[in-house]
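# Coordinate analysis (summary)
Here's the letter readout for the chains.
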Amino acid sequence: MPTANEKFKECFEIFSTKAIDEEGTPNACKIHDAFGGMDGEHHNCLGCNFADSTTLISRYLEKNDELSDIQQDFTVYILLIYLLVERIEIVFDIIQLPDTYREKHFKVFQQIRKWANFIKHPKAFILTHHPEYDFENSGTVHDGQFSVIINEQFVEQFYKGHSDTADQKRQNKELYNRLKNKKDILVLFPDIAKLTDKLCYSYNKFVDLILTNDAYKEILNDETTISTYFENE
């Protein structure tokens, strides 16, 4: 049965080898090459900013021997990788990356965002009594112990958000009825090692997308386009 420490150690090994090169440089630094390198008038901020995001995650995972509290440490980690996802999504919106491509190569972003929504906007979850916390593939069997298990499927159903106000109200009411004043609640976080592996794939796909697509490089180097995006945001 893996402990939280062991899971975070696994995450660190995955992230260190797949998001960072052998010299300890974040793969996002390659983005500088798309805009003429690190020096001179063509220095682009994206490479540095995404390298900073990578380093934040790496430094957190590096302390894996201290990360033993499932509730606290999984919560912080999910929010930390969510910050990276949000930054990448801004770039996708600027270049207007097609939804079909996002769905194919960046589906994990949706998973991370929904868990972050649960953490940031708990809604009726705050009406539960002393929930317990675990993670997928921990080896612990929970059959019949809990009245409600907040897992991947639960978060997908209640924390993805609806554009239709009536649908959102109905969903919130159902969530309220399921959670209000409930005991024996389990929050079952995702397997963060698997989540980290999928994140690294999408992270590297993002870097390659900028490096290899001349149209996207031109958009991201066009001050007028960038200015217009942020004015209209």
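Below is a summary of the structure that appears in this document. (Residues numbered from 1 in each chain as written. Predicted model: local features only at pLDDT ≥ 70, side-chain atom pairs only at ≥ 80, totals over all residues. Heavy atoms only, no water.)

### Considering unusual backbone geometry
Backbone geometry follows two general trends: most residues other than glycine have a negative phi, and most peptide bonds adopt the trans configuration. Unlike most non-glycine residues, Lys 123 shows phi in positive territory, near 55°. Among the structural elements, Lys 123 can be located in the loop between α6 (107–120) and β1 (132–135). Since its relative accessible area comes to 31%, Lys 123 is described here as partly exposed. Even without being glycine, His 130 reaches a positive phi, approximately 45°. The topology assignment puts His 130 in the loop between α6 and β1. Classification of His 130 as exposed rests on a relative accessible area of 76%. (Helix = DSSP H or I, 4+ residues; strand = E, 2+ residues; numbered from the N terminus. Buried < 20%, exposed > 50% of the residue type's maximum accessible area, 1.4 Å probe, protein only.)

### So, α6
Taking 1.5 Å of rise per residue, the 14 residues of α6 would be expected to cover 20 Å, and the 20 Å separating its terminal C-alpha atoms lies within 8% of that figure. All of the buried residues along α6 are Val 108, Phe 109, Gln 111, Ile 112, Lys 114, Trp 115, Ala 116, Asn 117 and Phe 118. Among the structural elements, α4 (70–95), β2 (148–150), α7 (152–158), β3 (185–189) and α9 (192–212) are those in contact with the buried residues of α6. (Expected span 1.5 Å × (residues − 1). Contact = heavy atoms within 4.5 Å.)

### As for the layout of surface pockets
Roughly 230 Å³ of volume is contained in the largest pocket. Cys 45, Leu 46, Asn 49, Val 91 and Phe 230 are, among the 12 residues lining the largest pocket, the residues nearest its centre. Sorting the residues of the lining of the largest pocket by element identifies α3 (45–62), α4 and α11 (223–232) as the ones contributing at least two each. (1 Å grid on protein atoms, 1.4 Å probe; cavity = no way out; pocket = protein on both sides within 12 Å on 5 of 7 lines; lining within 4 Å. Points joined across faces, edges and corners; volume = space filled by probe spheres on them.)

### Examining the side chain of Thr 75
Note that Thr 75 resides in helix α4. Side-chain polar atoms of Thr 75 contact the backbone oxygen of Gln 71, separated by 2.5 Å. Setting aside residues no more than four positions away along its own chain, Thr 75 makes contact with Ile 70, Ile 119 and Phe 189. (Polar contact = N/O pair within 3.5 Å; in protein donor to acceptor, adjacent residues only side chain to side chain.)

### Focus: the packing of aromatic side chains
Tallied over the full model, the rule gives 19 aromatic pairs. Note on Phe 74 and Phe 189: the rings are 5.6 Å apart at their centroids and 25° apart in plane angle, and the pair reads as stacked. On the criterion of sequence distance, the pair formed by Phe 74 in helix α4 and Phe 189 in strand β3 is long-range, its members being 115 residues apart. Grouping residues by exposure puts Phe 74 and Phe 189 together as buried. (Phe/Tyr/Trp six-rings, centres within 6.5 Å; stacked < 30°, edge-to-face > 60°.)

### A look at the pattern of salt bridges
According to the stated counting rule, one finds 13 salt bridges in the structure shown. Of the charged contacts, one joins Asp 191 and Lys 7 as a salt bridge, the two residues approaching to 3.0 Å between their closest N and O atoms. Of this pair, Asp 191 sits in the loop between β3 and α9 while Lys 7 sits in helix α1 (residues 4–18), and the two are 184 residues apart along the sequence. For Asp 191, a relative accessible area of 6% corresponds to the buried category. Judged by its relative accessible area of 7%, Lys 7 is buried. (Salt bridge = Lys/Arg side-chain N within 4 Å of Asp/Glu carboxyl O.)

### Comments concerning the nonpolar core
Formed by 66 residues in total, the largest nonpolar core has its most connected members in Ile 31, Phe 50, Tyr 77, Phe 92, Ile 150 and Phe 206. Looking at this core, the element that brings in the most residues is α4, giving 14 residues. Every residue in contact with Ile 150, bar those within four places of it in the chain, is listed here: Trp 115, Phe 118, Phe 125, Val 155, Ile 185, Leu 186, Val 187 and Leu 188. (Core = buried A, V, L, I, M, F, W, Y, C linked by side-chain atoms within 4.5 Å.)

Everything listed here is a matter of geometry and, on its own, says nothing about what the molecule does.
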